[in-house]
Amino acid sequence: MTIFTKISHRSKQFHSFARLTIKQQKTLTIKIQIDMKKYICNVCQWVYDPEVGDPDSGIAPGTAFEDIPDDWVCPLCGVTKEDFDLIEE
């Protein structure tokens, strides 16, 4: 799954991305795809989907599991990130 963000053609991000070679742009896109993996809670089976995030806990959509703060807990059962496993698709 890939999440794309609108970037204005006048923004610094656009010009920085445009200066990258095609190979660098593809590498960046692949890295973003890898980071958007789903994780499942081993206790209650709740699935963290980075496309959705966890807005009730302040985790914005598009946030990779690895970027969630270490003190975040499962919204259903309250266990920590250590009790989540990557869902292999």
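Note that the structure is predicted; figures quoted are calculated from it, not measured.

Engineer: Hey, could you run me through unusual backbone geometry in this one?
Structural biologist: Phi is mostly negative for residues that are not glycine, and the peptide bonds are mostly trans. A positive phi is found at Gln-45, a non-glycine position, where the angle reads about 70 degrees. Within the fold, Gln-45 resides in the loop between strand S1 (39-41) and strand S2 (47-48). By relative accessible area, Gln-45 is classed as partly exposed at 47%.

Engineer: Teacher, can you tell me more about the environment of Asp-54 here?
Structural biologist: When you line up the elements, Asp-54 lands in the loop between S2 and strand S3 (84-86). The class for Asp-54 is buried, based on a relative accessible area of 5%. It is 9.4 Å that separates the C-alpha atoms of Asp-54 and Cys-74, two residues lying 20 residues apart in sequence. Once you skip the residues sitting within four places of it in the chain, Asp-54 turns out to touch Tyr-48, Ile-59, Trp-72 and Pro-75.

Engineer: Would you explain the environment of Asp-83 in this entry?
Structural biologist: Position of Asp-83 relative to the elements: it lies in the loop between S2 and S3. Between the C-alpha atom of Asp-83 and that of Tyr-39, which follows or precedes it by 44 residues, the distance is 9.8 Å. Contact partners of Asp-83, with chain neighbours within four places excluded, come to Ile-40, Cys-41 and Asn-42.

Engineer: Help me understand the state of the cysteines in this model?
Structural biologist: Covalent bonding between the sulfur atoms of two cysteines is what defines a disulfide. Counted under the stated rule, the structure contains zero disulfides. Cys-74 takes part in no disulfide bond, and the closest cysteine sulfur to it belongs to Cys-44, at a distance of 3.6 Å. Using a relative accessible area of 3% as the deciding quantity, one classes Cys-74 as buried. Not part of a disulfide, Cys-77 finds its nearest cysteine sulfur in Cys-41, a span of 3.6 Å.

About the thresholds
- The residue numbers shown here count from 1 along each chain, following its written sequence.
- The predicted nature of this model means local features are confined to residues of pLDDT at least 70 and side-chain atom pairs, given and counted, to a pLDDT of 80 or more, with totals for whole chains, interfaces and linings taken over all residues.
- Note that the side-chain values use all heavy atoms of the structure and ignore hydrogens as well as water.
- Here a strand is any run of E in DSSP of at least two residues, a helix any run of H or I of at least four, and the numbering for each starts at the N terminus.
- Burial status follows relative accessibility: with a 1.4 Å probe on protein chains alone, a residue under 20% of its type maximum counts as buried, one over 50% as exposed, and anything between as partly exposed.
- Residue contacts follow a heavy-atom distance rule, with two residues in contact if any of their heavy atoms lie within 4.5 Å.
- Whenever a pair of cysteine sulfur atoms sits within 2.5 Å, that pair is classed as a disulfide.

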